[in-house]
Structures are given as C-alpha cells and as structure tokens.
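Report on the structure
Residue strings, one per chain:
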Amino acid sequence: MASIKYNPGGQKGKITYNADIVSGIVVLSLRETDGIELIPSKNNGIKLCFEKEGIFVDVSVIAHYGYSVPELAFRIQQNIKQMVESMTKYKIAKVDIHVQSVVFDKPAEPEKENMPAGEEPQTQSAAQDEKAKN
C-alpha cells in the first residue's frame, strides 16, 4: 500500500494519507453521480497513480441509456477533482474516463394484478388484431 505525505505550508509534522483513502473518496464521488454505475470488480474500475504533478485518476464506468456521455464524463471529472482536492488537499493532475458499456432500463411489464382471473395481458400487436376484427 502506498501512502502519500502532505506537509501544509512547511509546518513541522506531517499528515499521511493511504492510497485506499483517496480511492474511497473517488468511489464516493462516483456514487453521487447520476447516470452511471461502478464496474463490479475488486477496485471498482479505478486506478490511481501518485506523481509529483498530482494524482492521475483512471476510471471505468457503465453509463445508463439516455445520458449524454460527454456530459457524464465532464461531471465525473469535476466531482472527482472537487471532492479529492477538498478532502485531502492533494492536486488532481488528470482524470481519464472510460465508458465500458451502456445499460438499458428494462421495459415496464403490464400489471397482472387488475386482470380478471385466467386472462393474460395482451401485447400491442394482439390488441391491434382484436380492433381490426371489430
């Protein structure tokens, strides 16, 4: 595990952040972003690289259908940058976003509760056929 040292204003003493803390903050910022899901893996699709210039963040997500991918990516970048920099005082050098796939919502199924016993809900084409017969 890597740990990063932060020495604010040249003061004596130091504050040490574990890399898992920064990763947890990134996960938190992603969960607050509407229209995406985390990659189901051990690291949630997040890679961090700590360099002198700042933290390089590489994030893979799953987008929900109906959201603009460029807007999602921009919001993710802004959320990660704002949350990490405000909570740890580290600088985010770069945030790369990879949209791995798009999830489509399941269509709503017709309600069976209000149907008389023994009847099945009709599909749209079956309803149109019945109208044509009448």
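Source: prediction; values computed, not measured.

On the surface, Tyr65, Val69, Val99, Val102 and Phe104 cluster together into a nonpolar patch covering about 480 Å² of accessible area. By the element assignment, Tyr65 lies in the loop between strand E5 (54–64) and helix H2 (69–88). Judged by relative accessible area, Tyr65 falls into the exposed class, the value being 57%.

Let's shift gears to unusual backbone geometry. Backbone geometry at Asn44 places phi at a positive 60 degrees, although glycine is not the residue there. Along the chain, the position of Asn44 falls in the loop between strand E3 (36–38) and strand E4 (46–51). Positive phi, normally seen in glycine, also occurs at Lys89, with a value near 70 degrees. Turning to its location among the elements, Lys89 is positioned in the loop between H2 and strand E6 (92–103). The class for Lys89 is exposed, based on a relative accessible area of 53%.

Before going further, it helps to examine the pattern of salt bridges. In total, this model carries two salt bridges according to the counting rule given. For Glu85, the salt bridge identified is with Lys81, shortest N-O distance 3.0 Å. Note that Glu85 and Lys81 are positioned in helix H2 at a spacing of four residues, about one turn of the helix. Here Glu85 falls in the partly exposed class, since its relative accessible area comes to 25%. By relative accessible area, Lys81 is classed as partly exposed at 33%. Here Asp96 and Lys94 are joined by a salt bridge, their closest N and O atoms 3.9 Å apart.

Before going further, it helps to spend a moment on the environment of Ile36. Relative to the helices and strands, Ile36 is located in strand E3. For the pair Ile36 and Leu72, spaced 36 residues apart in sequence, the C-alpha to C-alpha distance is 7.9 Å. Setting aside its immediate chain neighbours within four residues, Ile36 contacts Leu30, Val61, Ile62, Ala63, His64, Leu72 and Ile76.

Moving on, we come to H2. When the terminal C-alpha atoms of H2 are compared, their 28 Å separation across 20 residues agrees well with the 28 Å that a helix rising 1.5 Å per residue should span. By the burial criterion, the buried members of H2 are Leu72, Ala73, Ile76, Ile80, Met83, Val84 and Thr88. Down the axis of H2, the buried side of the element spans an arc of 115 degrees, and every buried residue falls inside it. Facing away from the buried side of H2, by more than 90 degrees, are the exposed residues Pro70 and Glu71. The inward-facing, buried residues of H2 contact strand E2 (15–18), helix H1 (19–31), E3, E5 and E6.

The rules behind these values
- Residues numbered from 1 in each chain as written.
- Predicted model: local features only at pLDDT ≥ 70, side-chain atom pairs only at ≥ 80, totals over all residues.
- Heavy atoms only, no water.
- Patch = residues over 30% accessible without salt bridge, like charges linked within 9 Å, V, L, I, M, F, W, Y side chains within 5 Å.
- Areas by Shrake-Rupley, 256 points an atom, 1.4 Å probe, with all protein chains shown as cover.
- Salt bridge = Lys/Arg side-chain N within 4 Å of Asp/Glu carboxyl O.
- Helix = DSSP H or I, 4+ residues; strand = E, 2+ residues; numbered from the N terminus.
- Buried < 20%, exposed > 50% of the residue type's maximum accessible area, 1.4 Å probe, protein only.
- Contact = heavy atoms within 4.5 Å.
- Expected span 1.5 Å × (residues − 1).
- Arc of directions from axis to C-beta.

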